[in-house]
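Residue-level structure breakdown
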Amino acid sequence: MPIIPFNIKDIIYAKTVETSRLEFKAGLSEPTLRQVTATICAFANDFHNLNGGYIILGIEENEGVAQLPPLGIEPEKLDEFQKRIRGQCNRLNPEYYPIIEPLDFEGKKIIAIWCPAGEARPYQAPIVRGDSKEYAYFIRQGSETAEAKGAIREELLRLTSRIPFDDRAMYDLTFETLEQSLVRRFLREIRSKLSESNQPFLDTCLDLRLVRKVNGHFAPLHFALLFFTQKPDEFFAGAKAEIAQFGDDSGGSLIEEQHFSGPIDEQIRGILRFLENSTANMTQKDPNQAVALRSVAFPYAAMEEAIVNAFYHRGYDNSTEPVKIYLYPDRMEIISYPGPVPGIKPEHLVAGNKVPPVANRNRRVGDFLKQLGLAEMRNTGIPTIFKEMKNNGSPAPSFDFDEDRTYFRAVLPAHPKYVIIHAIREAAYLWTTGQKNEAFQRLAEAKHLPESGMVWAQMIDYKSQMGDLTGAELEWKELNGRPEILDKTPAAKVMARAFSIGNERQKALEILRNIRNLPMDAYQLTETALLYKNLNDFESAHKLFQNNISVILQDPRGLNEFADVKLSLAKIAYQQYNKVVNRRLLMESADLYRRAIQLTQDDVRKGWCFFRLAEIFQHLKRPGGEIEAAFRQSIGLLPDEKIVSEKYVEWQNRKN
């Protein structure tokens, strides 16, 4: 007996099926039986090419949602209900027989009725009008069953006389063309009870409706060839995909190209893995930062929706073009062929507008993608893309197609930070390979963005590396005249460092003292303080550390550098004959070195901290044993540092 091959729990909870394709009935009274018959007819007519639907007996509903736990059906009534339903199906014109299966669900008996799209549609069901019995066409309108009248009736007769391409049979092939391993994998993935069945492969294909009997043999349906063969593009030339990544906006600089083939669900997953690895989590290291600048270029859910839609809604009958994904520095374009079905207009593809419930191009492709959890429910894909892009802080997506509907294109603008990271990454490659003018040009393309502070910093850094301090300063002055640039701190630090290296101490200090948005992580804080330190402005470095001491308490490097600053200030106080301040700074410095020693895993850092402690202990006139111990620790950790051993010998000589 045929069974429902899909996971019934996922169906009842509407995880893999839209609520418009579900109907729940508590029992089977005569009025309910007439309603069930009309709904079976409507699902069989499949007006919107959704591949029918499901009726569940034994569960109440509220506004199309199952009310659980189920009421259930008395076991002795199961056979009676099934016979009554089959009797009504005999009265459909033409006859139509859904899959009817009694099931155990949450401790109760229920009956599930699977009503796939009928092969002989349109169907009529008997209806009572006054004292006479007539036949009428029924369709689903949202989650309701309604009689098809007037223009809708005419449209039904016109549309349903054709079987969608993906649900047609490939007459010259047999069911053996399908690969058992791929079918079994699908069944395991959707948690179907068929995955544990030992029945013949043909029976499994029949249960899944992957084949149809044609001229004495069972021929595979087109959609089955797309999912369950290793090379579907041998049967449908467009059943493949390609990704091209370009280094510029015009597509003239091809960086990388990837090709995808195989079952279309595997192609989708492979494409998403590639895109997530290559674009979704881009990082760019600021030469003056330890923490990398991170950006989500394209939100995963938006990419997934756009790419799944390209495979779901494309045509496989007469288009030889693959699904194309083009990656540019500032956007991703997903293109499929041909364009949308009639009824979709450009204004439907704008944020806030709804896509009308037009007939699907590929009802079986969509059904299986939903079973696999890849496709969203009906008409939710484009709104999801808009929502995910907005939540990510990305510009709004756009969708377009030409007048002749030969293609459909989804454009996902890159997150502004990704555009910046891409520009910096490409410039770094060009700089390293000696193409310095091209590197500057690539950076210049992203300088207009409000988040482009890192771009300006890189531009200043490159010019200072070339010895062009004047050019670097011009970039800095231009940046200061651009109030729309949000964060000038990275560029300020790079410019200050360039002035420091160029012996322009006052200019460097002026920039540092005017920084307003100081970084608050330990690495950046320490780097900024080091700029002050290298300019011999120990007071400013000390103030920066002191005001943000909580930031570096667990950072050995920051503690080490803060201790060095205090030690430098102690020496200045000593030269100024301020012994009280000198002693206090020496003691505070020693405490910081001790804490750095406790926290660090770096033996070199630990060795230098012990060396500084030995120096401080001498000034504080601590017992010789403490000084000896500090020197011994330092020598053990830094055996090749001559200055350590020389200072130890000097101390020994003075002591003796």
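These remarks concern the structure in this document. (Residues numbered from 1 in each chain as written. Predicted model: local features only at pLDDT ≥ 70, side-chain atom pairs only at ≥ 80, totals over all residues. Heavy atoms only, no water.)

**Quick notes on the overall build of the chain**
- Tallying secondary structure elements over the chain gives 25 helices and 19 strands in all.
- By the compact-globule yardstick of 26 Å for 656 residues, the chain is too spread out, its C-alpha radius of gyration being 36 Å.
- For the chain, the proportion of its 656 residues judged to be buried stands at 54%.
- For the chain, the computed accessible surface area is about 30200 Å², with 49% contributed by carbon and sulfur atoms.
- Of the charged side chains in the chain, 84 are positive and 88 negative, and the gap between their average positions amounts to 5 Å. (Helix = DSSP H or I, 4+ residues; strand = E, 2+ residues; numbered from the N terminus. Rg over C-alpha atoms; globule rule 2.2 N^0.38 Å. Buried < 20%, exposed > 50% of the residue type's maximum accessible area, 1.4 Å probe, protein only. Areas by Shrake-Rupley, 256 points an atom, 1.4 Å probe, with all protein chains shown as cover. Lys, Arg positive; Asp, Glu negative; His and termini not counted. Charge placed at Lys NZ, Arg CZ, Asp CG, Glu CD.)

**Things to note about helix H19 (residues 538-547)**
- Along H19, the residues classified as buried are Phe538, Ser540, Ala541, His542, Leu544 and Phe545.
- Along its buried surface, H19 packs onto helix H17 (505-513), helix H18 (522-534), helix H20 (549-552) and helix H21 (556-575). (Contact = heavy atoms within 4.5 Å.)

**A word on the nonpolar core**
- Leu210, Phe227, Phe228 and Leu275 are the most contacted members of the largest nonpolar core, which totals 110 residues.
- Counting residues in each nonpolar core, the second largest holds 59 residues, with Trp456, Ile460, Phe562 and Ala596 among its members. (Core = buried A, V, L, I, M, F, W, Y, C linked by side-chain atoms within 4.5 Å.)

**Things to note about unusual backbone geometry**
- In this chain, Leu68 is followed by Pro69 through a cis amide linkage whose omega measures 5°.
- Secondary-structure assignment places Pro69 in the loop between strand S4 (65-67) and helix H3 (78-90).
- In the segment running from Arg121 into Pro122, the intervening peptide bond is cis, with an omega of 10°.
- With respect to the secondary-structure elements, Pro122 resides in the loop between strand S6 (108-115) and strand S7 (124-129).
- The backbone of Lys621 shows a phi angle near 55°, a positive value even though the residue is not glycine.
- With respect to the helices and strands, the residue Lys621 is situated in the loop between helix H23 (603-619) and helix H24 (624-637).

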